Amino acid sequence: MGPTGVGKSSFIHDSVPPGSSTEVKIGHGLQSETSEVQPICWATEDGTTVKLADTPGFDDSRLGITDTDVLKMISTFLVNEYKEQRSQLTGLIYVHRISDTRVGGTSKRNLRMFRKLCGDDSLKNVVIVTTMWDKVTEAEGIRREQELKSSSDLFKPLVDEGAVMMRHDRTPQSAAHVIKYLLGKSATTTQIVRELAEERKALENTAAGTELESEIRGLLTKYKEEMESLKVELESLKAEIHQMRRGPTEERRKTKQEMEINEVAEERQQMARMMGKLSKELDDLKRGIQFDPPPVYEPTNNFPAPDTKCIVNCSKLLQLVKKYESTLPPDIATSITSCTLAFADAVERSVKGIQRGSSALKSALASEDMHTLQLLMKADPYPRAFTHGTWVTARRNMEIVTSDIEVILSTYPRQRGMWRSNPLNAILECTMEVVTGMAAMVDWWKPVTDAIGNLEDAAHHRRGGSSFANSTNTVALTRITRALDAYCKAYSECQQTVHEAALGISLK
């Protein structure tokens, strides 16, 4: 990606091995040669198939193609590659001219759209390729390269997230160096693909779509203000003509002002046409992209495995309490132990409730019967509602204990190392780790409960027939039950583990 004229097609041309039949068009004029996403393929010496996709720039020089068209082209290409598993995306290349004395609005706009399309998670797979090094001196090029790399509104945010900068000197060797580097990276999924293919967002609601909509609306507001200004100017010129007296001088002035009126009127008409095009582009963005229906069945569980560090840290915390029990304030030891045991009991109850709910959901999945799903959701809301009654409460209670320890520690004298050697410091650090683990599990549950909520909404609004309307419900229900089973497996021994760690601690 990159603005028009920075050398995207030239880079691809230099990347293709000699003797390949692949043809790459390269523009030499002001008009862009790239009016669609053009994938170029070849095989390396070890048999790896390389595919580079040349993309049109945003705010490009082609007639009849809008930025919305460009966004749709790139998004459609990336989503189709992802859904049909044609290839794995291992690299994203942003091309920039090192010869540019200043980075203008068009370049910054392309860079913003590039970031919104990629997302921060994919920036580690990005190479910023600088071109046109033969147009600058070595010292000048190095200075600009450093400015680009250190500027917060240019490439610094990308570099901070793992992107690298490389030079292309119009030789096959420098292009091959970039390709080889990217082939060594692990595959990534861009933000636009996650939003469109996985989260099923409308194009206008994606990060790139929102950015583009904001820019279009900004231009419409600007043109509207300019139209109002021209209207006032036009009325003023007409009023002046109306007040003129007859006479040679006045006639000449009148003719001149009539010409100015025609120029202002033509400028307003041209601006109105531009506003009409922008409004049409905005409507086109809202219409979005029509993709093929989702696959019939995708067995992969997208939710990560639940983290069990929280239980490990709870056991560690109780062991510290047991070790230093005689030197701890009695209320602190009691609070920690009571809080931890209550948490373990609540998690145990949650596991039993989730097992019951998961079993019920599996029966609905087996029959693919929406009526059964509606009844089950209504009769047993536990899988969705429990997290705020278990993990959120547990985290809040442990945060209170942590705060109490901090208050007590603040009263100890900080001298001769006595404060640092206080056992409460070790216990405080451990309670903080427990809180962090509990917070991580609250975060883990959020997408699961959101998915259950979406399924509840789908069941509630289902009309006309009781079977699942499409494979979306089957896929969602499969993912949810697998996530619930993973949770039960991870925390089924929670109560026993924590109670064993608490043996020997006397509660006062």
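For the structure, check the block above.
A short tour of the structure in this document, coming up. (Residues numbered from 1 in each chain as written. Predicted model: local features only at pLDDT ≥ 70, side-chain atom pairs only at ≥ 80, totals over all residues. Heavy atoms only, no water.)

Check the secondary structure of the chain and you find 18 helices and 5 strands. Per-residue burial over the chain gives 44% buried out of 508 residues. Put simply, 77% of the contacts in the chain that link residues at least 6 apart link residues at least 24 apart. Counting only carbon and sulfur atoms, one obtains 51% of the accessible surface of the chain, whose full area is about 27200 Å². (Helix = DSSP H or I, 4+ residues; strand = E, 2+ residues; numbered from the N terminus. Buried < 20%, exposed > 50% of the residue type's maximum accessible area, 1.4 Å probe, protein only. Contact = heavy atoms within 4.5 Å. Areas by Shrake-Rupley, 256 points an atom, 1.4 Å probe, with all protein chains shown as cover.)

The parallel open sheet is built from 3 strands, whose spatial order is β3-β4-β5. Both edges of this open sheet fall to β3 (92–97) and β5 (164–167), since each of them pairs with a single strand only. Pairwise comparison of adjacent strand axes, ignoring direction, gives a mean angle of 30° for this sheet. Strand direction decides the pairing type here: strand β4 (residues 126–131) and β5, joined by 4 bridges, are parallel. Following the sheet pairing, T130 is matched in β5 by R167. Taken strand by strand, helix α3 (residues 105–118) contacts β3 and β4, and its axis lies near 170° from that of β3. (Pairing = 2+ DSSP bridges. Axes fitted to C-alpha atoms, helices over the stretch in contact; angles between N-to-C directions.)

The tally for this structure, following the rule as stated, stands at 26 salt bridges. Where K51 meets E81, a salt bridge forms, and the shortest distance between an N and an O atom there is 3.2 Å. One end of the pair, K51, is in strand β2 (residues 49–54); the other, E81, is in helix α2 (residues 67–83), with 30 residues separating them in the sequence. Overall, the relative accessible area of 32% leaves K51 in the partly exposed class. Residue R287 is joined to D284 by a salt bridge in which the shortest nitrogen-to-oxygen separation is 3.5 Å. Taken together, the residues R287 and D284, both in helix α9 (residues 248–287) and 3 residues apart, mark about one turn of the helix. (Salt bridge = Lys/Arg side-chain N within 4 Å of Asp/Glu carboxyl O.)

This paragraph deals with α2. Relative to the 24 Å expected for 17 residues at 1.5 Å per residue, α2 spans 24 Å between its end C-alpha atoms, a close match to the ideal helical length. Restricting attention to buried positions, one finds in α2 the residues D67, T68, V70, L71, K72, I74, S75, F77, L78, V79 and E81. (Expected span 1.5 Å × (residues − 1).)

Attention shifts here to the packing of helix α10 (residues 309–323) against helix α18 (residues 494–502). The geometry of α10 relative to α18 is characterised by a closest axis approach of 8 Å and an angle of 15° between their N-to-C directions. In this view, α10 runs roughly parallel relative to α18, as classed from their interaxial angle. Judged by the twist between their axes, the crossing of α10 over α18 is right-handed. Judged by residue contacts, I311, C314, S315, L318 and K322 of α10 engage C494, T497, V498, E500, A501 and A502 from α18. Within the contact of α10 with α18, the residues separate by chemical class into 7 nonpolar, 2 polar and 2 charged. (Parallel < 35°, antiparallel > 145°, perpendicular 65-115°, else oblique. Left-handed = near helix turned anticlockwise from the far one by under 90°. Nonpolar A, V, L, I, M, F, W, Y, C, P; charged D, E, K, R; others polar.)

Structurally, the position occupied by V178 is in helix α6 (residues 172–183). For V178, a relative accessible area of 0% translates into the label buried. Setting aside its immediate chain neighbours within four residues, V178 contacts F11, I93, V127, V129 and M166.

This paragraph deals with a negative patch on the surface. There is a patch of like negative charges on the surface, built from E233, E240, E260, E263 and E267. For the negative patch, the elements supplying multiple residues, two or more each, are α8 (207–243) and α9. If one sorts the elements of the negative patch by residue count, α9 sits on top with 3 residues. Considering the arrangement of structural elements, one finds E263 in helix α9. On the accessibility criterion, E263 (54% relative accessible area) is exposed. (Patch = residues over 30% accessible without salt bridge, like charges linked within 9 Å, V, L, I, M, F, W, Y side chains within 5 Å. Lys, Arg positive; Asp, Glu negative; His and termini not counted. Charge placed at Lys NZ, Arg CZ, Asp CG, Glu CD.)

Tallied over the full model, the rule gives 8 aromatic pairs. Ring geometry for Y94 against F155: centres 6.0 Å apart, planes inclined by 65°, an arrangement best described as edge-to-face. Here Y94, found in strand β3, pairs with F155, found in the loop between α4 (138–150) and α5 (156–160); they are 61 residues apart in sequence, far enough to count as distant. Centre to centre, the rings of W444 and W445 are 5.0 Å apart; their planes meet at 90°, and the pair counts as edge-to-face. Neither W444 nor W445 differs from the other in exposure class; each is buried. An aromatic cluster is present here, built from F343, W391, W444, W445, Y487 and Y491 joined pairwise through their rings. Just above the ring of W133 sits the side chain of R167; from NZ or CZ to the centre is 4.1 Å. Its guanidinium or amino end placed over the ring of F303, R479 lies 4.3 Å from that ring's centre, counting from NZ or CZ. (Phe/Tyr/Trp six-rings, centres within 6.5 Å; stacked < 30°, edge-to-face > 60°. Lys NZ or Arg CZ within 6 Å of the ring centre and 35° of its normal.)

To continue, consider the pairing of β4. Most of β4 is tucked away: 6 of the 6 residues are buried. Side chains V126, I128 and T130 project from β4 onto one buried face, and the interleaved V127, V129 and T131 project onto a second face that is buried too. Note: β3 against β4, 6 bridges, orientation parallel. Note that in β4 the partner of Y94 across the bridge is I128. Regarding the hand of the β-α-β motif, the stretch spanning β3, α3 and β4 is right-handed. (Right-handed = clockwise from strand over helix to strand, strands pointing away.)

Attention shifts here to the nonpolar core. F343, W391, I405, W445, Y487 and Y491 are the most contacted members of the largest nonpolar core, which totals 58 residues. Looking at this core, the elements that each hand over two or more residues are α10, α11 (330–367), α14 (387–409), α16 (423–461), α17 (471–491) and α18. Looking at which element gives the most residues to this core, the answer is α16, with 15 residues. L78, C118, I192 and L278 belong to the second-largest nonpolar core, a separate cluster that totals 52 residues. (Core = buried A, V, L, I, M, F, W, Y, C linked by side-chain atoms within 4.5 Å.)

What follows covers α4. Here α4 is 13 residues long and its end C-alpha atoms lie 18 Å apart, about the 18 Å a rise of 1.5 Å per residue gives. The set of residues buried in α4 consists of G141, R144, E145 and L148. End-on, the buried residues of α4 take up no more than an arc of 105°, which puts them together on one face. Against β3, β4, α5 and β5 lie the buried residues of α4. (Arc of directions from axis to C-beta.)

Moving on: the environment of W133. Within the secondary structure layout, W133 lies in the loop between β4 and α4. The sequence separation of W133 and D169 amounts to 36 residues, and the corresponding C-alpha distance is 6.2 Å. Leaving out residues up to four positions away in the same chain, W133 has contacts with I98, G141, I142, E145, R167 and H168. Within the local environment of W133, its side chain forms a polar contact with the side chain of T130, the two groups lying 3.0 Å apart. (Polar contact = N/O pair within 3.5 Å; in protein donor to acceptor, adjacent residues only side chain to side chain.)

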